[in-house]
Amino acid sequence: MMPSLALHRVHPAARNARFWIQIGLFALAIGLPLGWIVGNYRIGFSDEAEQSIGSAWTLVRLHADAPPVGTYGVFEIDQRVGHGFLPGTWFAKLVVGKPGDLVEVREDQTLVNGLQVAGPLDSIHPIDAPQKFVRTFVLEPGDYFVVGTRKHSLDSRYWGPVHRGQFVGQATLL
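Residues numbered from 1 in each chain as written. Predicted model: local features only at pLDDT ≥ 70, side-chain atom pairs only at ≥ 80, totals over all residues. Heavy atoms only, no water.

(A) Molecular detail of the overall build of the protein chain. A tally of helices and strands in the protein chain yields 2 helices and 11 strands. Taken from N to C terminus, the helices and strands of the protein chain fall in the order α-β-β-β-β-β-β-β-β-β-α-β-β. Residue burial in the protein chain is summarised as follows: out of 174 residues, 37% are buried. Looking at the protein chain alone, contacts between residues at least 24 apart form 60% of all its contacts between residues at least 6 apart. Looking at the protein chain as shown, the accessible area adds up to about 10,700 Å², and 63% of this sits on carbon and sulfur atoms. (Helix = DSSP H or I, 4+ residues; strand = E, 2+ residues; numbered from the N terminus. Buried < 20%, exposed > 50% of the residue type's maximum accessible area, 1.4 Å probe, protein only. Contact = heavy atoms within 4.5 Å. Areas by Shrake-Rupley, 256 points an atom, 1.4 Å probe, with all protein chains shown as cover.)

Put into structure tokens, the structure is as follows:
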């Protein structure tokens, strides 16, 4: 004798509820990790003709603390940068100096604690001679010195230290 089909039937409302529960669980399984990634990372791209850090693409891990020396810091520039860049624009540069470090900006090279971190100064503006930027100073608490890794980089040698509060994350070159 055949079993009654009525025993194996599922009410259409129950089938619909199960479907929506599955959709909801799937959305959570995808949405939570994706939300964490989007909340903590950004992909950066720069279309500059000559990249100041050697890569057009970066993966930026967002966090509000200054990156360690030797890593790429991402920060919002302020009005000191000028040269057509609006305050709030994100720059990625190599962090080479931290609070308490001795910085010597010379025409032929830049030193931090006696170690060369950048090459010669360029004339970055027709009225700005490299001699204008030559100076020696100790980084104050909360100040960091950053440089590009390519020739003609607009960096701390020209507009001074980056303040801790300007950092938005740390970059990895892609």
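(B) How the structure looks around the sheet that holds strand S7 (residues 115-118). Pairing is antiparallel in the open sheet, where 4 strands are placed in the order S7-S6-S5-S8. Strands with a single pairing partner mark the edges of an open sheet, and in this sheet they are S7 and strand S8 (135-138). Each strand of the sheet is rotated relative to its neighbour by a mean of 25 degrees, with strand direction disregarded. Pairing of strand S6 (residues 110-112) with S7 involves 3 bridges; the strand directions are antiparallel. Paired with leucine 111 across the two strands is glutamine 116, which belongs to S7. (Pairing = 2+ DSSP bridges. Axes fitted to C-alpha atoms, helices over the stretch in contact; angles between N-to-C directions.)

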